[in-house]
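Reading the structure
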Amino acid sequence: QVQLVESGGGLVQAGTSLTLSCAVSGITFSSHRMGWFRQPPGKAREFLGQFNPSDDTTYYSPSVKGRFTISRDTAKNTLYLQMNKLEPEDTAVYYCAAGNVYDTSYYYWGQGTQVTVSS
């Protein structure tokens, strides 16, 4: 019954911005650690960042720190990923995921949303 649904992907030009959404249901959104990942075609899944409610901290991978921003709206049970100054190298399927605050694993995953950045 747990469901994570990403949306907001699409085809954009390099240098522009895009915000992805992850609608969460079936779990207590405000008490779960929430993360964003991406997987380019033919490559391994990459961790982008997470929000941990246990200490109210947001962590970003060095590869996107300063350019991507994670936020959440607890009233809407929605996680966001704001992406600025997009580059062709950002082209990937983007996933959101949820885990508990007692370990570092992610147990629930969305189906992903495609982001394609053209030159």
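Residues numbered from 1 in each chain as written. Predicted model: local features only at pLDDT ≥ 70, side-chain atom pairs only at ≥ 80, totals over all residues. Heavy atoms only, no water.

1. Some points on the environment of S63
- Locating S63 in the fold gives a position in the loop between β6 (57-60) and β7 (68-73).
- A C-alpha to C-alpha distance of 23 Å links S63 and Q111, two positions 48 residues apart in sequence.
- Here E46 takes part through its side chain, which lies 2.9 Å from a polar atom of the side chain of S63. (Helix = DSSP H or I, 4+ residues; strand = E, 2+ residues; numbered from the N terminus. Polar contact = N/O pair within 3.5 Å; in protein donor to acceptor, adjacent residues only side chain to side chain.)

2. Regarding the sheet that holds β7
- Taken together, 4 strands build an open sheet; the order of strands is β1-β3-β8-β7 and the sheet is antiparallel. This sheet does not close on itself; its edge strands, each paired only once, are β1 (3-7) and β7. On average, each strand axis in the sheet is tilted by 15° relative to the strand beside it, whichever way the strands run.
- Relative to strand β8 (residues 78-83), β7 runs antiparallel, the two sharing 6 bridges. (Pairing = 2+ DSSP bridges. Axes fitted to C-alpha atoms, helices over the stretch in contact; angles between N-to-C directions.)

3. What about the environment of F29?
- Take F29: it is sitting in the loop between β3 (18-25) and β4 (33-39).
- Sequence spacing of F29 and Y106 is 77 residues, and the spatial spacing of their C-alpha atoms is 14 Å.
- Not counting residues within four places of it along the chain, the set of residues in contact with F29 comprises V24, M34, R72, D73, T74, N77, T78 and L79. (Contact = heavy atoms within 4.5 Å.)

4. Quick look at the pairing of strand β9 (residues 92-99)
- Across the 8 residues of β9, 7 count as buried, placing the element largely inside the fold.
- Two elements, β4 and β9, share 7 bridges in a ladder whose sense is antiparallel. When the sheet's bridge partners are listed, W36 is paired in β9 with C96.
- Looking at chain direction, β9 and strand β11 (residues 113-118) are connected through 3 bridges and run antiparallel. Counted as the bridge partner of V93 is Q114 from β11. (Buried < 20%, exposed > 50% of the residue type's maximum accessible area, 1.4 Å probe, protein only.)

5. Quick notes on the pairing of β6
- One ladder, built from 4 bridges, connects strand β5 (residues 46-52) with β6; its direction is antiparallel. Across the sheet, residue N52 finds its bridge partner in β6, namely T57.
- Taking the residues between adjacent antiparallel strands as the criterion, β5 and β6 are bridged by 4 residues, where D56 takes a positive phi near 55°.

6. Details of the state of the cysteines
- Applying the stated criterion to the full structure yields 1 disulfide.
- There is a disulfide in this structure between C22 and C96, and the S-S distance comes to 1.9 Å. Around the S-S axis, the bridge from C22 to C96 shows a dihedral of about 60° and counts as right-handed. Here C22 is found in strand β3, whereas its partner C96 is found in strand β9, with 74 residues between them in sequence. C96 carries the same exposure label as C22, and that label is buried. (Disulfide = S-S within 2.5 Å.)

7. As for the packing of aromatic side chains
- With the rule as written, the count across this model stands at 5 aromatic pairs.
- Aromatic pair F47 and Y59: ring centres 6.1 Å apart, planes at 15°, arrangement stacked. Of this pair, F47 sits in strand β5 while Y59 sits in strand β6; the two residues are 12 residues apart in sequence, bridging distant segments of the chain.
- Given the relative accessible area of 26%, F47 is considered partly exposed.
- With a relative accessible area of 45%, Y59 lands in the partly exposed category.
- Taken together, the aromatic side chains of F37, F47, Y59, Y106 and W109 make up a single cluster linked through ring pairs.
- Over the face of the ring belonging to Y95 we find R45, whose NZ or CZ atom lies 4.3 Å from the ring centre. (Phe/Tyr/Trp six-rings, centres within 6.5 Å; stacked < 30°, edge-to-face > 60°. Lys NZ or Arg CZ within 6 Å of the ring centre and 35° of its normal.)

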